[in-house]
Amino acid sequence: MNKATLPIVARLHSLQAPIRLSPGGARVIAEAGDRNPLAQLLRAANETMLGRSLQFDSAGGPSLTLDVSGRRVLRVSAALGLAGSESCLGVEVLEDEHKDDLIKLMQAVAAPRQELRVTSGPIGRGGEEVSVGLPVALLADLVLIDLNDLAGDEPEEEALVPAPVSDRMTGATPGAGLAGFAEAVGPGLLAWLITGGADEGRSSGPEEMVSHLQGFLDDEREAVDRQLDMLSAGPGAPVCVMLGATLIEGHSILVARLDSGLLLGVVEGEGTGAALAAWRGVLA
């Protein structure tokens, strides 16, 4: 395995990690033993493509709610128990001048040695534009966090790190199928493989990449479906998620389920817009 494939394999294995739910349906994204809960908060925001409201609750008491879309933080819609939140609250769209204050709020709610939970809901005040707000990749750079480095903030104990919380894209009426979806994503989808369903066995891309995807699904299809069931409208329901990568660099893992088929793919760079448009086309 060459070095270029290591981040891809790391993202694949993040699909195996269990998601722990707390009362009320919130997902635990950082355990009390995690060294850097802020990294998990940023990954949760970075992996949100459709407009969603993410409420982050610390076991220590503070709470921060962000409207997020297209891997950007659009606004702060609520802050409880956090000093200095006034400069961000009430702002319709966060701009560069707000980034330092926003980072302080994130650091305060994602305090070390405290369990951190996230609850996803409808976006607060509307607006799902991906060209406004503060890029999560920029915020991560300012606090020296590598969004692709899953090993850099492993817990001190043996507890597994939950898989990154990814926003879901769901629908009810299948359209073009998974192979059509892959083609619609475009050249940014470097490699992909479909298992199950009408497009069983369809694939494209470099042999080494496709081989890694096939080997992973041979062993972990059941685990992937369990993860997707937690993010979708119900067991076996259509869902599409994207894991990993910064806003414009690196590789993401794209996972889409439709009927009994599952697509697993590798996306280069910022593929959010293309994947979102393609998925909406499939469900139209």
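What comes next concerns the included structure. (Residues numbered from 1 in each chain as written. Predicted model: local features only at pLDDT ≥ 70, side-chain atom pairs only at ≥ 80, totals over all residues. Heavy atoms only, no water.)

**Quick look at the overall build of the protein chain**
Here is step 1 of the chain: Tallying secondary structure elements over the protein chain gives 7 helices and 12 strands in all.
Here is step 2 of the chain: Burial status across the protein chain gives 54% buried among its 284 residues.
Here is step 3 of the chain: Intrachain contacts of the protein chain at a sequence separation of at least 6 include 66% that bridge at least 24 residues.
Here is step 4 of the chain: Element-wise, carbon and sulfur atoms account for 52% of the exposed surface of the protein chain, whose accessible area totals about 11800 Å². (Helix = DSSP H or I, 4+ residues; strand = E, 2+ residues; numbered from the N terminus. Buried < 20%, exposed > 50% of the residue type's maximum accessible area, 1.4 Å probe, protein only. Contact = heavy atoms within 4.5 Å. Areas by Shrake-Rupley, 256 points an atom, 1.4 Å probe, with all protein chains shown as cover.)

**As for helix α5 (residues 177–185)**
Here is step 1 of the chain: Buried within α5 are the following residues: G177, L178, A179, F181, A182 and V185.
Here is step 2 of the chain: The secondary structure elements touched by the buried residues of α5 are β8 (189–195), β10 (239–243), β11 (251–258), β12 (261–268) and α7 (272–283).
Here is step 3 of the chain: Of the residues one or two after α5, G186 is the one with positive phi, at around 95°.

**Focus: helix α3 (residues 99–109)**
Here is step 1 of the chain: Turning to α3, its buried residues number three or more, namely K99, L102, I103, L105, M106 and V109. Projected down its long axis, α3 shows its buried positions confined to an angular sector of 160°, all on one face. (Arc of directions from axis to C-beta.)

**With respect to the environment of D259**
Here is step 1 of the chain: Here D259 is to be found in the loop between β11 and β12.
Here is step 2 of the chain: Residue classification places D259 among the exposed residues on the basis of a relative accessible area of 53%.
Here is step 3 of the chain: Taking the C-alpha atoms as reference points, D259 and L178, 81 residues apart in sequence, are found 9.5 Å from one another.

**Remarks on the nonpolar core**
Most often, soluble globular proteins have nonpolar side chains that are buried together.
Here is step 1 of the chain: Formed by 33 residues in total, the largest nonpolar core has its most connected members in L42, F56, L64, L66, L102 and M106.
Here is step 2 of the chain: Looking at this core, the elements that each hand over two or more residues are β2 (27–30), α2 (37–46), β3 (52–58), β4 (63–69), β5 (72–80), α3, β6 (116–122) and α4 (136–142).
Here is step 3 of the chain: The element best represented in this core is α2, accounting for 6 residues.
Here is step 4 of the chain: Ignoring any residue separated from it by four or fewer positions in sequence, one finds L64 in contact with L54, Q55, F56, V76, A78, A79, L82, L105, M106 and V109. (Core = buried A, V, L, I, M, F, W, Y, C linked by side-chain atoms within 4.5 Å.)

**A word on the packing of α2 against α3**
Here is step 1 of the chain: At a minimum axis distance of 8 Å, the contact between α2 and α3 shows a crossing angle of 120°. As judged from the angle between their axes, α2 and α3 are oblique. The chirality of how α2 crosses α3 is right-handed. Where α2 abuts α3, its residues L38, L41 and L42 lie against M106, Q107 and V109.
Here is step 2 of the chain: Looking at the contact of α2 with α3 residue by residue, the class counts come to 5 nonpolar, 1 polar and no charged. (Axes fitted to C-alpha atoms, helices over the stretch in contact; angles between N-to-C directions. Parallel < 35°, antiparallel > 145°, perpendicular 65-115°, else oblique. Left-handed = near helix turned anticlockwise from the far one by under 90°. Nonpolar A, V, L, I, M, F, W, Y, C, P; charged D, E, K, R; others polar.)

**A look at the sheet that holds β8**
Here is step 1 of the chain: Spatially, β9-β8-β12-β11-β10 is the arrangement adopted by the 5 strands of the open sheet, whose pairing is antiparallel. On the outer flanks of this sheet lie β9 (203–204) and β10, each paired with one strand and no other.
Here is step 2 of the chain: Note that β10 and β11 share 5 bridges and pair antiparallel. Residue C240 lies in a different strand from β11, and its bridge partner there is A256.
Here is step 3 of the chain: Across the sheet, α5 touches β8, β10, β11 and β12, and the angle it forms with β11 is around 150°. (Pairing = 2+ DSSP bridges.)

**Quick word on unusual backbone geometry**
Here is step 1 of the chain: In this structure, R71 takes a positive phi of about 65° despite not being glycine.
Here is step 2 of the chain: Following the sequence through the fold, R71 ends up in the loop between β4 and β5.
Here is step 3 of the chain: Judged by relative accessible area, R71 falls into the buried class, the value being 0%.
Here is step 4 of the chain: Here the phi dihedral of R113 falls at roughly 70°; this positive angle occurs in a residue that is not glycine.
Here is step 5 of the chain: The topology assignment puts R113 in the loop between α3 and β6.

**Points about the environment of D229**
Here is step 1 of the chain: One can find D229 in helix α6 (residues 207–231).
Here is step 2 of the chain: The partly exposed category is assigned to D229, whose relative accessible area is 29%.
Here is step 3 of the chain: A distance of 3.0 Å separates the side chain of D229 from the backbone nitrogen of G236, its partner in a polar contact. (Polar contact = N/O pair within 3.5 Å; in protein donor to acceptor, adjacent residues only side chain to side chain.)

**Brief notes about the packing of α5 against α7**
Here is step 1 of the chain: Interhelical geometry of α5 versus α7 gives an angle of 150° and a closest axis separation of 8 Å. Here the hand of the crossing between α5 and α7 comes out right-handed. Along the contact surface, α5 presents G177, L178, F181, A184 and V185, while α7 presents A274, A275, A278, W279 and V282.
Here is step 2 of the chain: Split into classes, the residues belonging to the contact of α5 with α7 amount to 9 nonpolar, 1 polar and no charged.

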